[in-house]
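Here's the letter readout for the chains.
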Amino acid sequence: MSCIPFRRTAKKKKEKPSFMRRMTTMKIASPSQPTSALFMASLLSSAQVFNATHKPMYIHDAFKKHAVRVWKEARGSDKLLTHEKLLRFFEITQGVTTTALPVKDVYTFEDFFWAWSSNKAAWNAVRPLNPTEIDLTYPISNYFISSSHNTYLEGNQLSSKSSAEAYKAVLRNGCRCIEIDVWNGAPSRTPSKSPNGEHRRHMSNVSAMSRTSVRHGSSLSVDQPGLYTMRTPRDSGTSLDPKELSDRMDRSTSSSSGSVKRGEPIVHHHGTMTTTVPFREVCKAVREEAFVTNHLPIIVSLEVGADREQQEMMVEIMKEEWAGLLLEEPFEDCDRLKQQPRLEQLLDKILIKVKRLDDCNGEIQEAQRGRSLNVSSLRSKPPICEMLAALAIYTRSEHFDDVNSLSSTTPSHIFSVNEDKFLDMIAQDKARLKIMDHNRQYFMRIYPKGLRFDSSNPDPTIPWRRGVQMVAMNWQNTDEGTMLNDAMFADTNGWILKPTGFLKDQDEIPTKTVDLRITVLAGQSIPVPEGRQAKKLRTRVKVELHVENPDKARDLTRITQPQSTENPDWERNPYPLEFLGVSGVVEELSFVRFKVEEPSSSGFGNELLAWACIRLDRLQRGYRCLDLYHPLTRRPLRRHGGHSASQLFIRVEKNVRQGFPTNRTHTETAVGSK
């Protein structure tokens, strides 16, 4: 898809950087203040707040015309709509039971429309959350967690800005697993630089690029001689004790910087031209935004390239800045070696995800045997010191080699796996079943492959359907991945209880067969590209069903005919877009994505004007209003001072019937619909 600039209606003011401008006012998944007019209830999104405040809403004639037809359909042969028929409309057509209707003998169209549009459950396309979806009583590995990758970056992975404000932005929008890459601070007499070595986990291909020029004629950061330089066990002929290894690195660092005292640790995407930001500044930003309106815990995933001295400084900074929030000791009634805490025990707590000492020892031993780690990666990642390792209480990073690693039974362990490696594993039946079994009890995290320099994202539904709790996303980029992630965690506080079949001691996953018909009737206030005339706009709607799709040949995309203007009306050809007999569906992990596009005259590069994405179990039947979102900011589109929303008026017919459960012998192909 391609994104386009939109025409401005007012003089442009001085703006924040693009990522921050998008995110600082976005309210995709943040909770709310019950006492404020801006925050109507603790789990209302901004789209819901718009209706809940009962502002006068601008409705275009294209919308009104279809709403009048619905009113006539509901009243039948009667001149006016009776109270009995109004209840029937709500309960049978819309699937909503309500007692909040104004009691009248008959209802004019205006009465009907007000009762309908002011009832969110009857008007909005998205169903309010089921209370069980925010049950806090389960052990923490039983939840999907909204997660961020390289949270500090505001743009691409090679040359963009790093900022502490990026942490505030994602936390404000419901993210509860953030990532911090920490490296040695620079000597006070020299500019800030990154330590030597490559960022093995994220940038496996960058080292080769460091010898060649990249865009704009610049080159990647230059290695600092002497830093972390050491002989490998093969060179020295001796074995290395982890403490000795750490001491050697410290001495090497000291010799390279002389007697100059280094500053505090920095946050940086190592091996790239991205800027740095002080670690303390990041910690302050996290503290300021962490639990303002959301009390569910935050997992901080630390990638540590700093040496022992700086690691100890990291611990001091975290304890200072996160005093009272940082989980420093296990609970008396929750032994980390035997069990996980319940989510309700961790309210207003920050958990550290990092390797413990025994994991560092294991990696050194593997390297001595010529396995697991290469020379450059051993140099780039010093062992984790005891002070820092002690903070990995219930969220301990554990090195992942292959499917044999899945035999680990320590409740606190977390495997972080590259998306490519994960896809390779689940393509094998036995490996996929082992991953499913593992993820019913223990944590796994998937992060984007290193070649995603543009900060694009993988399809998160594939790991979710294998029980992966954390799929780290590049929040600064709007693409299919972030749209699906937004839909998954919409109106939540960033933690969602897994559906039946994905929890501990559950082998069978109940699946459904779905018949879905969506009729797009009209649209209003569709954004007009800059420099274009509204009357010449050609709008079409593409609807995609994202489900487990073993039959790759089956197309799960449907498209309407294009219509004119920013207020399109499909009155003449409102034929339904049908997805019939779709089997093997887990509704909680399936999605419907709407893309409002202007088709290109050449057939390539259709321009995305607006979009919406809904979890299938939350897509409500009946005549519905669907709020549309900006293709860059991912915020609801509003016009005329907020009184006019960009929306589609649609009819949803959804029939869900029982399918066959999947179990340990199920061998479906692990792919998602595109």
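Residues numbered from 1 in each chain as written. Predicted model: local features only at pLDDT ≥ 70, side-chain atom pairs only at ≥ 80, totals over all residues. Heavy atoms only, no water.

Draft legend 1. Here's a closer look at the overall build of the chain. Across its full length, the chain holds 19 helices and 25 strands. For the chain, the proportion of its 674 residues judged to be buried stands at 57%. Relative to all contacts within the chain whose residues are 6 or more apart in sequence, the contacts with residues 24 or more apart total 76%. A total of about 28200 Å² of accessible surface is found on the chain, and carbon and sulfur atoms cover 49% of it. (Helix = DSSP H or I, 4+ residues; strand = E, 2+ residues; numbered from the N terminus. Buried < 20%, exposed > 50% of the residue type's maximum accessible area, 1.4 Å probe, protein only. Contact = heavy atoms within 4.5 Å. Areas by Shrake-Rupley, 256 points an atom, 1.4 Å probe, with all protein chains shown as cover.)

Draft legend 2. View of the pairing of strand E20 (residues 591-598). For E20, the buried fraction is high: eight of the eight residues fall into the buried class. Burial along E20 is two-sided: Phe-591, Arg-593, Lys-595 and Glu-597 and Val-592, Phe-594, Val-596 and Glu-598, pointing in opposite directions, are all buried. Both strand E16 (residues 538-546) and E20 contribute to a ladder of seven bridges, which runs antiparallel. Of the residues in E20, the one forming a bridge with Leu-545 is Val-592. Across eight bridges, E20 lies against strand E21 (residues 607-615) in antiparallel orientation. Residue pairing across strands places Glu-598 opposite Glu-607, the latter belonging to E21. (Pairing = 2+ DSSP bridges.)

Draft legend 3. Structural detail: the packing of helix H11 (residues 279-289) against helix H12 (residues 308-321). Look at H11 against H12: their axes get within 10 Å of each other, and the N-to-C directions meet at 25 degrees. Comparing the axis directions of H11 and H12 gives the class roughly parallel. Remark: the crossing between H11 and H12 carries right-handed chirality. In contact with Phe-279, Arg-280, Cys-283, Lys-284 and Arg-287 of H11, H12 contributes Met-314, Ile-317, Met-318, Glu-320 and Glu-321. For the contact of H11 with H12, the per-class residue count stands at five nonpolar, no polar and five charged. (Axes fitted to C-alpha atoms, helices over the stretch in contact; angles between N-to-C directions. Parallel < 35°, antiparallel > 145°, perpendicular 65-115°, else oblique. Left-handed = near helix turned anticlockwise from the far one by under 90°. Nonpolar A, V, L, I, M, F, W, Y, C, P; charged D, E, K, R; others polar.)

Draft legend 4. View of the nonpolar core. If you look at the biggest cluster of nonpolar residues, it comprises 74 residues, and the most contacted ones within it are Leu-302, Met-318, Trp-322, Ile-352 and Leu-388. Each of domain 2 (138-184 + 262-366 + 379-497) and domain 3 (510-656) gives at least three residues to this core. Residues in contact with Leu-388, not counting those within four places in the same chain, are Leu-302, Val-304, Gln-311, Met-314, Val-315, Met-318 and Val-354. Listed in part, the 34 residues of the second largest apolar core include Leu-537, Val-541, Leu-609 and Ala-610. (Core = buried A, V, L, I, M, F, W, Y, C linked by side-chain atoms within 4.5 Å. Domains from an automatic or database assignment.)

Draft legend 5. Seen up close, the sheet that holds strand E25 (residues 647-658). Spatially, four strands are ordered E19-E15-E25-E22 in an open sheet, and the strand pairing comes out antiparallel. Pairing within the sheet leaves two strands with one partner each, and these edge strands are strand E19 (577-585) and strand E22 (622-627). Shown here is a sheet whose adjacent strand axes are inclined to one another by a mean of 30 degrees, direction ignored. Pairing analysis gives five bridges linking strand E15 (residues 512-524) to E19, with the strands arranged antiparallel.

Draft legend 6. Just the pattern of salt bridges, in detail. Scanning the entire structure with this criterion turns up 37 salt bridges. We note a salt bridge from Glu-288 to Lys-168, for which the minimum N-O separation is 2.6 Å. Remark: Lys-168 occurs in helix H7 (residues 165-172) and Glu-288 occurs in helix H11; sequence separation between them is 120 residues. Its relative accessible area of 15% is what places Lys-168 among the buried residues. (Salt bridge = Lys/Arg side-chain N within 4 Å of Asp/Glu carboxyl O.)

Draft legend 7. Main features of the side chain of Asp-617. Relative to the helices and strands, Asp-617 is located in the loop between E21 and E22. By relative accessible area, which is 13% here, Asp-617 ends up buried. Reaching out from Asp-617, the side chain makes a polar contact with the side chain of Arg-615 at a distance of 2.8 Å. (Polar contact = N/O pair within 3.5 Å; in protein donor to acceptor, adjacent residues only side chain to side chain.)

Draft legend 8. Main features of unusual backbone geometry. Here the phi dihedral of Ser-525 falls at roughly 55 degrees; this positive angle occurs in a residue that is not glycine. With relative accessibility at 2%, the residue Ser-525 sits in the buried group. Located in the positive-phi region is Thr-565, a residue other than glycine, with phi close to 70 degrees. With relative accessibility at 28%, the residue Thr-565 sits in the partly exposed group.

Draft legend 9. Quick peek at the packing of aromatic side chains. Counting across every chain of the model gives 20 aromatic pairs. With a centroid separation of 5.4 Å and an interplanar angle of 80 degrees, the aromatic rings of Phe-89 and Trp-116 are classed as edge-to-face. A residue pair is termed long-range when its members are at least 10 positions apart, and Phe-89 in helix H4 (residues 83-93) and Trp-116 in helix H5 (residues 109-117) qualify at 27 residues. Assigned by exposure class, Phe-89 and Trp-116 land together as buried. Centroid distance Phe-113 to Trp-123: 5.4 Å. Interplanar angle 85 degrees. Geometry classified as edge-to-face. Of this pair, Phe-113 sits in helix H5 while Trp-123 sits in helix H6 (residues 120-123), and the two are 10 residues apart along the sequence. Taking relative accessible area as the criterion, Phe-113 reaches 17% and is therefore assigned buried. Under the relative-accessibility criterion, Trp-123 is labelled buried at 1%. Clustering of aromatic rings is evident, with ring pairs tying together Phe-63, Trp-71, Phe-89, Phe-90, Phe-109, Phe-112, Phe-113, Trp-116, Trp-123, Tyr-623 and Phe-649. For Arg-75, the ring lying beneath its charged end belongs to Trp-71, and the centroid distance is 4.6 Å. (Phe/Tyr/Trp six-rings, centres within 6.5 Å; stacked < 30°, edge-to-face > 60°. Lys NZ or Arg CZ within 6 Å of the ring centre and 35° of its normal.)

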